Amino acid sequence: MTVLLDKRFERTLDTVLKAERGTSTLELWTFDDRRHRREAEARFAKAGISARCRSAYKPLLHFFLEEVERTELVAARIAYPIHKQAAANRFRLEAYPLAGLLEGVDLAFEPRQGDGFVYDVDLRFKDGRRETHAVLAPNRLHGDAQDRPTVSPTGWIIRDGKGPGERLETDYERLFEAICTAATTADWPESEPFFPELAVDVAFPAEDEPLDFQQEAVSLREALHEDLYFTLLDVFHRRSGRAPGDRTLQPGRIVPMVVGRGEKISARVEVRPIRRFATKANDRPSEPIRSAPGFARIAAELKKVGGTPFDVRSVGGRRIVAHHVSGSDVPVMVSGGQHPNEVTGVLGALFGGQALTSKPNAHFTVSPVENPDGYALHQRLCRDNPNHMHHAARYTALGDDLEYRSSDKLWEKEIRAVAQRLTGATLHVNLHGYPSHEWTRPLMGYIPRGFEMWTLPKGFFLILRYHQGWEEPAMTMLDSVTRRLGKVPGLADLNRRQIALYEIHAGDAGFQMINGFPCHCSLDERSSVPVTLITEYPDETIYGDALVAGYKAQAETVVAAYDAWQICAPKA
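Parameters and conventions
Residues numbered from 1 in each chain as written. Predicted model: local features only at pLDDT ≥ 70, side-chain atom pairs only at ≥ 80, totals over all residues. Heavy atoms only, no water. Salt bridge = Lys/Arg side-chain N within 4 Å of Asp/Glu carboxyl O. Helix = DSSP H or I, 4+ residues; strand = E, 2+ residues; numbered from the N terminus. Buried < 20%, exposed > 50% of the residue type's maximum accessible area, 1.4 Å probe, protein only. Core = buried A, V, L, I, M, F, W, Y, C linked by side-chain atoms within 4.5 Å. Contact = heavy atoms within 4.5 Å. Pairing = 2+ DSSP bridges. Axes fitted to C-alpha atoms, helices over the stretch in contact; angles between N-to-C directions. Parallel < 35°, antiparallel > 145°, perpendicular 65-115°, else oblique. Left-handed = near helix turned anticlockwise from the far one by under 90°. 1 Å grid on protein atoms, 1.4 Å probe; cavity = no way out; pocket = protein on both sides within 12 Å on 5 of 7 lines; lining within 4 Å. Points joined across faces, edges and corners; volume = space filled by probe spheres on them. Nonpolar A, V, L, I, M, F, W, Y, C, P; charged D, E, K, R; others polar. Expected span 1.5 Å × (residues − 1).

J.: How do you make sense of the pattern of salt bridges when you look at a structure like this?
T.: It is possible for side chains of opposite charge to pair when their charged atoms get near one another. Considering all chains together, one arrives at 64 salt bridges under this definition. For Arg43, the salt bridge identified is with Asp14, shortest N-O distance 2.9 Å. Within this pair, whereas Arg43 is found in helix 2 (residues 34-46), its partner Asp14 is found in helix 1 (residues 12-19), the two being separated by 29 residues in sequence. For Arg43, a relative accessible area of 32% puts it in the partly exposed group. For the salt bridge of Glu438 with Lys58, the shortest nitrogen-to-oxygen distance reads 2.8 Å. Residue Glu438 is found in the loop between strand 21 (427-435) and strand 22 (461-466), and its partner Lys58 is found in the loop between strand 3 (50-55) and helix 3 (59-67); the two are separated by 380 residues along the sequence. The buried category is assigned to Glu438, whose relative accessible area is 8%. For Lys58, a relative accessible area of 3% gives the class buried.

Now the structure itself:
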C-alpha cells in the first residue's frame, strides 16, 4: 500500500475563535451542520464575541430553516443571483426543496438584477407584516480539475459589520483540495489503470439533517463523497488525455468513504489492492424484499425465472449470471445493475423475468446484476451511510461505465454480447435509476457537471434509443408502455408531484411528455441492439414501501415492453 496523504485538519470555527479575539461581532459562513454552528456561537459568546454562524452550503434554504417563521408565512418573493460562469438556474436550483417545505405559501422566483451573490427576499406574513432580507450566498470563481471556469460556494467572514467581508477558506474546502492535490501530484504509471484501488477515507463530523419533505436531507458528507469521486475522475481524465466525461476511462476503482464519527476532521488517501466486499448474508427468501438484497437472495430469485443459466466474469472475478428462456416469441433482452446503486433496476429485472415465464412462448434473457463488484461496494458504503446515493459504486472495478467499454476484453459487458448471440434480440430493456433526492457537488459548481439533467427527481423517466429505420416501431412500443404504466397505482401521481417541484426550482422541464411520462427519444447507434428502452426510476436511496413501488414499476415496464414488442417489432 502507498499512502499519498494522511492529515488532520483544524475545524474552521475553532481557528476563527482563536484568531478573532478582540473582534466584537462576527458573521461566518462555513460548511458545518447546525449543531456545530450553534455550539460555536456559544463558545464565541463566552469569549465576548457576538457571532452568527451560517451555512455556506445552501444558504437560502438554511435562512428559511433557521431564521424565518415558516408557519406564519403567506408569501415569499425571491430574486436569485445570476453569474455568467454558472447556469442561469444555478441559484434557483440551490433553493431546492424550498417549494416543498413551504406548501401553501405563495412562492415565486425571478432573476435578480445587479451583481453580487445575494438573494433578495420579500416575505409576507399572516398578520400583515412584511420583511425584506438580503441573503448572502458566498461563492468564488475558480478553475475545476479540467481548468474550466466554475462558480462554487465558499466560506465567508464579516467582522464588526464592516464592508462586504472576505473569503474564508474552510476546513471542508482545505480537506477537499488536499485530497485532489495528492492525487494530481502522485507518480502514476503511464497507462491505465493507474491503480487497483484508490481508497479515500475521510472523517468529517457533520450530522445529516432530514427535511420534512420526501427523501430530502441536508448532507455535507454525501455532497463531499460526490465531489471527491467525480473530481478525482476528472483528475484522471486529464492525466490520460481523454475528454472530460469520457466513460471509457479506466483509472482503477476510486472509493471515497466519508464518515461522521467522532469530532476529528481527517483525510487519508492510499493506493491499495482492490478489496472484495461481501453482501448481506441474512436474507430470508420467505420475506418481501424491502432493501437491496445480498447475492444469495438474488440467485434464489433468478433461479425462479427458469431457463438456461449462462455467465461471464467481472473484473473483480465475480460471476455475472443471466438466464435464457427459449421460446417462439420475438426475443427481448432484460438487464439491471449496470449502475448497481440503482437498486430498483436489479429487482425489476428479477421480478419482470419471473412474470415473463408465465407466457407460454416466452423468449428472453435476464441479467439482473451486470456489475457485481459495484453492487458489493454499494452495500459496503451503505453500512456507514444508508441514505446516501454513493455514486462511487456506479462504475466497474476498472472505474469505467461497462456500457461504453469497447476494448477486446469486455469483462462485464460480455454478458450482453452472449445474450444477443443466444437470442438475436432487437429490443433491450435496460433498467436504471437515479437520485430520489437532490444531487449536488458544492465544491465544483454545485450542479453535477455532465449530469445536470439528474440533479433533481422528476418522476419515472424513460429513454428510448433506436437505430436508423427503427423509429416507428420503437415509438409505437413506447406509446404502449407509457399507457400501461399510467395504470400502475400511484405512478402517475409520483410523476406529477415531482415534475411540478422540478419546474419550480429548475424552470422549463425541457423534456418530452408521453402519456404522462417524461421521455427522451433519439437516434443512437452505439448499441448493437437496434432498440433500447432505458428506465430511470428515482430510487437512490429508497427503502420499504417506496422501494417495493419502484421495483414493481420496473417489473411492469419489462412486461409491458415485452408485450408491445411482440406486436410492433418488424417481422424478419
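J.: Mind showing me how you'd approach the nonpolar core here?
T.: A general tendency of soluble globular proteins is for nonpolar side chains to be buried together. Within the largest apolar cluster, 101 residues are counted, with the highest numbers of intra-cluster contacts made by Leu60, Phe64, Ile179 and Val202. The greatest single-element share of this core, amounting to 9 residues, is contributed by helix 7 (residues 220-240). What Phe64 contacts, discounting residues up to four positions off in sequence, is Arg70, Leu73, Ala76, Ile78, Leu98, Leu102, Val121 and Leu123. Judged by nonpolar contacts, the second largest core, of 56 residues, contains Val305, Val332, Tyr466 and Ala474.

J.: Please explain the sheet that holds strand 7 (residues 130-136) as it appears in this structure.
T.: Each strand in a sheet pairs with another by means of backbone hydrogen bonds, the pair being arranged parallel or else antiparallel. Pairing is mixed across the open sheet formed by 4 strands, whose spatial order is 5-4-6-7. Lying at the two open borders of the sheet, with one neighbouring strand each, are strand 5 (106-111) and strand 7. This sheet shows a mean twist of 15° between the axes of neighbouring strands, independent of strand direction. By the bridge criterion, 7 bridges tie strand 6 (residues 118-125) to strand 7 in an arrangement that is antiparallel. Residue Asp120 lies in a different strand from strand 7, and its bridge partner there is Ala134. Helix 3 rests against strand 4 (73-80), strand 6 and strand 7 of the sheet, and its axis sits at about 30° to strand 6.

J.: Honestly, the packing of helix 1 against helix 2 in this entry has me stumped. Any pointers?
T.: In a pair of packed helices, the angle between the axes and the distance between the axes together describe the arrangement. The geometry of helix 1 relative to helix 2 is characterised by a closest axis approach of 10 Å and an angle of 15° between their N-to-C directions. Considering their axes alone, helix 1 and helix 2 lie roughly parallel with respect to each other. Remark: the crossing between helix 1 and helix 2 carries right-handed chirality. When helix 1 is examined against helix 2, the residues Leu13, Asp14, Val16 and Leu17 are found in contact with a partner set consisting of His36, Arg37, Ala40, Arg43 and Phe44.

J.: What is the right way to read the pairing of strand 9 (residues 149-153) from this model?
T.: A regular strand places its side chains on the two faces of the sheet in alternate fashion. With 4 of 5 residues buried, strand 9 is to be regarded as a mostly interior element. Where strand 8 (residues 139-143) lies against strand 9, 5 bridges are found, and the strand directions are antiparallel. When the bridges of strand 9 are listed, Asn139 appears paired with Pro153. Between the antiparallel neighbours strand 8 and strand 9 lie 5 residues, among them Asp147 with a positive phi of about 65°.

J.: How should I be thinking about the layout of surface pockets in this particular structure?
T.: The probe, sized like a water molecule, is rolled over the atoms to show the empty space still left. In this model, the largest pocket occupies a volume close to 470 Å³. Along the walls of the largest pocket sit 29 residues, with Arg247, Trp454, Ile463, Arg465 and Glu536 positioned nearest its centre. It is strand 21 that provides the largest number of residues to the lining of the largest pocket, a total of 5 residues. Class assignment for the residues of the lining of the largest pocket results in 9 nonpolar, 9 polar and 11 charged.

J.: Help me understand empty space enclosed by the protein, please; the structure alone is not making it clear to me.
T.: Under the criterion given, the structure shown has 6 cavities of 30 Å³ or more. Approximately 120 Å³ is the volume found for the largest cavity. Those elements giving two or more residues to the lining of the largest cavity turn out to be strand 14 (217-218) and helix 7. Partitioned by chemical class, the residues of the lining of the largest cavity number 10 nonpolar, 3 polar and 5 charged. Considering only enclosed or pocket space, the second largest cavity measures out at about 70 Å³ in volume.

J.: What should I look at first to understand helix 9 (residues 343-356) in this one?
T.: Every α-helix carries 3.6 residues per turn, so stepping three or four residues along brings you back to the same face. Spanning 14 residues, helix 9 covers 20 Å between terminal C-alpha atoms, matching the ideal 20 Å at 1.5 Å per step. Here helix 9 lies mainly inside the structure; 11 of its 14 residues are buried. Listing the buried residues of helix 9 in full gives Val343, Thr344, Gly345, Val346, Leu347, Gly348, Ala349, Leu350, Gly352, Gly353 and Leu356.

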